[in-house]
Amino acid sequence: MLYMEQIRGYPYMRKKQLIEEFQVSRAFVDEKVRGMQSEIEKGRYSPYVILDTMINVYAFMDYIKYGKLLKDKNARKYVPDFKPSELMELCGYQQKIAQIE
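Let us look at the structure shown here. (Residues numbered from 1 in each chain as written. Predicted model: local features only at pLDDT ≥ 70, side-chain atom pairs only at ≥ 80, totals over all residues. Heavy atoms only, no water.)

## Some details on the overall build of the chain
Defined as follows: Under the DSSP-based scheme used, a helix requires at least four consecutive residues in state H or I and a strand at least two consecutive residues in state E, with every element numbered from the N terminus. Summary of the burial criterion: residues with accessible area below 20% of their type's maximum are buried, those above 50% are exposed, and those between are partly exposed, where the area comes from a 1.4 Å probe applied to protein chains only. Any two residues whose heavy atoms approach within 4.5 Å at even a single point are treated as in contact.
In terms of regular secondary structure, the chain is built from four helices and five strands. When the helices and strands of the chain are read in sequence order from the N terminus, they spell out β-β-α-α-β-β-α-α-β. Taking all 101 residues of the chain together, the buried fraction comes to 32%. Within the chain, counting contacts between residues at least 6 apart in sequence, those at least 24 apart form 64% of the total.

Here's what the structure looks like:
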């Protein structure tokens, strides 16, 4: 028998949830969201990473890691492509197949 196990099911969070989850300030979250909006315009992220008041957690984490490099026009070319599936697996957000015998 097979069943799907989802460890954590929050692909989108509100700013307040991000503040609590990542233990950061409101100003930090606001700054990162503004940067993500800029990256949406540049094509790094899909327009769906920010849905009104909801922010995609994977894109938020990616921008925390690479935000400074993305702002630097010379370093930008060394930033790896955004791969949300890798983040999902690392963070336990992705569904995994579990077998019961």
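Moving on from the model shown.
## Structural notes on the nonpolar core
This is how the line gets drawn: Think of a nonpolar core as a cluster: buried Ala, Val, Leu, Ile, Met, Phe, Trp, Tyr and Cys residues, connected wherever their side-chain atoms sit within 4.5 Å.
Residues Leu18, Met36 and Tyr45 are the most contacted members of the largest nonpolar core, which totals 20 residues. For this core, the secondary-structure elements that each account for two or more residues are α2 (26–42) and α3 (57–71). Here this core takes eight residues from α3, the largest share from any one element. Tyr45 has contacts with Met36, Glu39, Ile40, Ala59, Asp62, Tyr63, Leu70 and Phe82, leaving out every residue within four places of it along the chain.

## Observations regarding unusual backbone geometry
The phi angle at Gln23 is positive, at roughly 55°, despite the residue not being glycine. Within the fold, Gln23 resides in the loop between α1 (15–22) and α2. Despite not being glycine, Asp52 shows a phi value in the positive range, around 55°. For Asp52, the position within the fold is in the loop between β3 (50–51) and β4 (54–56).

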